[in-house]
Amino acid sequence: MKNKNTATHGFGPKEYLLCAAATLAVFLLCVCLGSVNLPLADTLAAFRDILTGTVPEETTLAYRILQPVRLPRILCASLSGAALSLCGACMQGLLKNPLADGSTLGVSAGASLGAICSIAFGFSVPGLLFSGTMVSAVIAAFISLAIILSFAYRLDASLSTNTIILIGIVYSMLVSAMSNLVITFAGDRVKTITFWNMGSLQGTSYPNAAALAICLLVCGGILLLTAEELNAFSIGEENARSIGVNVRAVRLRVLICVSILIGVCVSIGGSISFVGLITPHLVRPLTGPNHKRLLPASLFGGAIFLLLADLCARTILAPRELPIGVVTSIVGSILFVHIFYTGRKQR
Amino acid sequence: MKKATRLLALLLSLAMTAGLMAGCATPSASKDGEKASNEVENTAVTFTDMTGREITLDAPADRIVALTASDCEILYALGAGDKLVGRGEYCDYPAEVFEVPSVQSGYETNIEQIIELKPDVLVMATMAQTVEQVEQLENAGIKVVVSDAQNIEGVYTAINMLGTLTGKTAEATTIVDSMKKTFDEVSAKADEESAGSIYFEVSPLQYGLWTAGKGTFMDEIANMLGLKNAFADVEGWAEISEEQVIERAPDYILTITMYFGEGPTPEEEILSRKGWENIPAVKNQKILNLQNNELSRPAPRLADAARMLYDLIHGTAAEEDKAA
């Protein structure tokens, strides 16, 4: 993986295996550690039995905590982490912008507004398993991205870094203000949402994890297959067009996938900032800028990052919980400053 | 541009003049009121508010603005609800309180709104008001009274203080006595045996579990009933882990989640949570939902809440007692 000679090639089976093993190791660590200290032997036995589907009649505390509470939560943490950082990596490539991410562009804020509106006004799509919040979060995320980008293109066709980030920040502020407005007018019903808005993976379930997994499989798969086009984009849109990339189609494809992934993540875990921004920067020194390597590495890196962040949120103040957004923001901003500082020095 | 500036200046000066006139009008109006009540009888009242400031009124207050929901409840319980000329926006009990004009409260407290209502007295908590804001109010001729109960003893103090303030001392004594009597009754069984542990749920799982730990009214009432708060090691209100609730396996669950008439009720939602099946409270369906802030406000209804909790624990025994 660190061998620069292979940098032009894609992500080989060996590298996939290595990353998967690392993610699995962190996953196991998160299975064993938690708010409640369970005996390691009990935990591993319970984990083995749950995996093999042979849960005994008489269960220990480990089963009762692991199966319904801890496992779905860490599944959701790893899947949202993977999804969010894949989105970040793709947007950074598509927009040639190292600061692009769901939270800096205002997409997460838009998705939050969608989710809050659906709770406040009781909007739901009948017959759908994850009706209401998830659907409206996805739609709101897509509308947000469309608004931000069309505005950015109109102002500055070259899509310079500053323009997009400025528009994203302004849009974030506007949308957050609108969320607060909805919360103010919707009365008691939405008051509890202020807790949720900070981002929390508490109470996530297996169906949540399944929804994330399906979206990640479909949208993540599409995004991974777009790596070559993203490589062309990261040199420049003109360049991409000249080598025969259908710029509009690729852009639309990426935007739809990103909105779906961010929307689903926000509706399940609230807005968890910095994951999408920071992980691609963390893995880039290892993989180089080639998206064929960057995207899969971000996928695994994001899962590991959010697993560890959630582990901190669960355990540091036990029995209390920290909102996961607090953890990712603190860790993320420190790492970010570090990356930029060392990056500038090298130049 | 110049024109706009001039217009702005004109508007500003107009607004300032209007403000000055309003400022002058307030004291003279209240002076008239004082004169009127002095002629009837001399009923000056003096008391100490809950920050220890001594307050003297020439007569029991006739126009009151109360910012906190608990003080509104106390005033209505005293039979002084008709003296409310303004209420904080979150005051919601009893229903009559909605007929009173609402003002912003807490961090958004708006001095102008309060002055406009021309109260004799403003009752508020020690939340977000600066010394300067209190001075502004006192300069406008409004006495500021702080009511800030931190425990049940504090609620008695608040009731007695508001009773003195409104000239309803007898009513205040009745309410306090009745609360004490209820608390005595419900704590009678506490000494016999430990009633078990209770988990208070302030925010449901969907939004992250929040509980009420040590130093809350819920904790105090639990102890009164001989119950052990499952999260007594947590200070105040806090977000806690679902794993911890399962491990601590409380005997009773009390949730203050609101129900909006759709989907499962808060009790049903807790009963259906995965992994909670083995918690004694869930197994024995010992879950109580108090939706109307009975247990989170320093007001007379704390006694009602204690009674409901008592009924949850002792069930039919309490019904028999009532029948007898």
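Computed from a predicted model, the values in this text were never measured in an experiment.

Undergrad: Quick one: what's the story with the overall build of chain A, residue by residue and with numbers?
TA: Looking only at helices and strands, one finds 15 helices and zero strands in chain A. Looking at chain A as a whole, 52% of its 347 residues are labelled buried. A fraction of 76% describes how many contacts in chain A between residues 6 or more apart in sequence connect residues 24 or more apart.

Undergrad: Any details on the interface of chain A and chain B? Residues and values, ideally.
TA: On the side of chain B, 29 residues touch chain A, which itself brings 26 residues to the contact. Between chain A and chain B lies a buried interface of about 2400 Å² when both sides are counted; carbon and sulfur atoms form 59% of it. Connecting chain A to chain B are two salt bridges. Of all elements in the fold, only helix H3 (61-94), helix H7 (188-191) and helix H8 (193-197) of chain A reach the threshold of two or more residues within the side of chain A that touches chain B. Of all the elements, H3 of chain A adds the most residues to the side of chain A that touches chain B, at six residues.

Undergrad: Talk me through the confidence of the model for chain B; I want residue IDs and the actual numbers.
TA: Residue and element names in this part refer to chain B. Per-chain confidence: chain B averages 81 in pLDDT, with 82% of residues scoring 70 or above. In the predicted structure, residues 17-40 sits below a pLDDT of 50 and forms four contacts with residues beyond four places in sequence or in another chain. Scoring of the predicted complex yields 0.80 for pTM and 0.78 for ipTM.

Undergrad: Help me get a handle on a nonpolar patch on the surface, residues and values and all.
TA: Residue and element names in this part refer to chain A. A contiguous nonpolar patch, built from Ile214, Leu217, Val218 and Ile222 and spanning about 390 Å² of accessible area, is present on the exposed surface. Relative to the helices and strands, valine 218 resides in helix H9 (residues 206-225). Valine 218 gets classed as partly exposed once you look at its relative accessible area, which sits at 48%.

Undergrad: Report on the confidence of the model for chain A, specifying residues and quantitative values.
TA: All names here are of chain A. Overall, the prediction assigns chain A a mean pLDDT of 85, with 90% of residues at 70 or greater. No element of chain A has a lower mean pLDDT than H8, which averages 59, and none a higher one than H9, which averages 94. With pLDDT under 50 throughout, residues 1-7 is counted as low confidence; its partners more than four residues away or in other chains account for eleven contacts.

Undergrad: Can you lay out empty space enclosed by the protein for me, pointing to particular residues and giving the numbers?
TA: For the coordinates displayed, the defined rule picks out three cavities of 30 Å³ or more. Of the pockets and cavities examined, the largest cavity occupies roughly 60 Å³. In terms of lining, the largest cavity is formed by Ser35, Val69, Arg73, Gln202, Gly203, Arg314 and Glu321 of chain A together with Ser241, Glu242 and Glu243 of chain B. Those elements that provide at least two residues to the lining of the largest cavity are H3 of chain A together with helix H8 (242-248) of chain B. Residue composition of the lining of the largest cavity, grouped by class: one nonpolar, four polar and five charged.

Undergrad: Quick one: what's the story with the pattern of salt bridges, residue by residue and with numbers?
TA: On inspection of all chains with the given rule, the structure shows 18 salt bridges over all chains. Glutamate 228 of chain A serves as the salt-bridge partner of lysine 292 of chain A, at 3.5 Å between the closest nitrogen and oxygen. In this pair, lysine 292 of chain A is assigned in helix H14 (residues 291-315) and glutamate 228 of chain A in helix H10 (residues 227-235), connecting sequence segments 64 residues apart. For lysine 292 of chain A, a relative accessible area of 35% gives the class partly exposed. A salt bridge links glutamate 73 of chain B to arginine 297 of chain B, with the shortest nitrogen-to-oxygen separation between them at 2.7 Å.

Undergrad: Account for helix H12 (residues 247-269) of chain A, with residues named and values stated.
TA: Residues and elements named next belong to chain A. Between its first and last C-alpha atoms H12 spans 32 Å; for 23 residues at 1.5 Å apiece the expected length is 33 Å, and the two agree. Of all 23 residues making up H12, 17 are buried, and the element is well covered by its neighbours. Positive phi appears at glycine 270, one or two residues downstream of H12, with a value of about 75°.

Undergrad: An account of unusual backbone geometry is requested, with residue identities and associated values reported.
TA: If a residue is not glycine, its phi is most likely negative; likewise, a peptide bond is most likely trans. Omega for the peptide link from alanine 318 of chain A to proline 319 of chain A comes to 5°, which places this bond in the cis form. Structurally, proline 319 of chain A is set in the loop between H14 and helix H15 (324-346). With an omega of -10°, the peptide bond running from tyrosine 93 of chain B to proline 94 of chain B counts as cis. Examined against the element boundaries, proline 94 of chain B turns out to sit in the loop between strand S4 (84-88) and strand S5 (102-103). Residues other than glycine seldom take positive phi values, yet lysine 118 of chain B does so here, at roughly 50°. The residue lysine 118 of chain B is located in the loop between helix H3 (111-116) and strand S6 (121-124) in this model. Non-glycine residue alanine 249 of chain B carries a positive phi angle of around 40°. Of note, alanine 249 of chain B is situated in the loop between H8 and strand S12 (252-255).

About the cut-offs
Residues numbered from 1 in each chain as written. Chains lettered and ligands numbered in written order. Predicted model: local features only at pLDDT ≥ 70, side-chain atom pairs only at ≥ 80, totals over all residues. Heavy atoms only, no water. Helix = DSSP H or I, 4+ residues; strand = E, 2+ residues; numbered from the N terminus. Buried < 20%, exposed > 50% of the residue type's maximum accessible area, 1.4 Å probe, protein only. Contact = heavy atoms within 4.5 Å. Buried area = accessible area lost by both parts, 1.4 Å probe. Salt bridge = Lys/Arg side-chain N within 4 Å of Asp/Glu carboxyl O. pLDDT = per-residue confidence, 0-100. Patch = residues over 30% accessible without salt bridge, like charges linked within 9 Å, V, L, I, M, F, W, Y side chains within 5 Å. Areas by Shrake-Rupley, 256 points an atom, 1.4 Å probe, with all protein chains shown as cover. 1 Å grid on protein atoms, 1.4 Å probe; cavity = no way out; pocket = protein on both sides within 12 Å on 5 of 7 lines; lining within 4 Å. Points joined across faces, edges and corners; volume = space filled by probe spheres on them. Nonpolar A, V, L, I, M, F, W, Y, C, P; charged D, E, K, R; others polar. Expected span 1.5 Å × (residues − 1).

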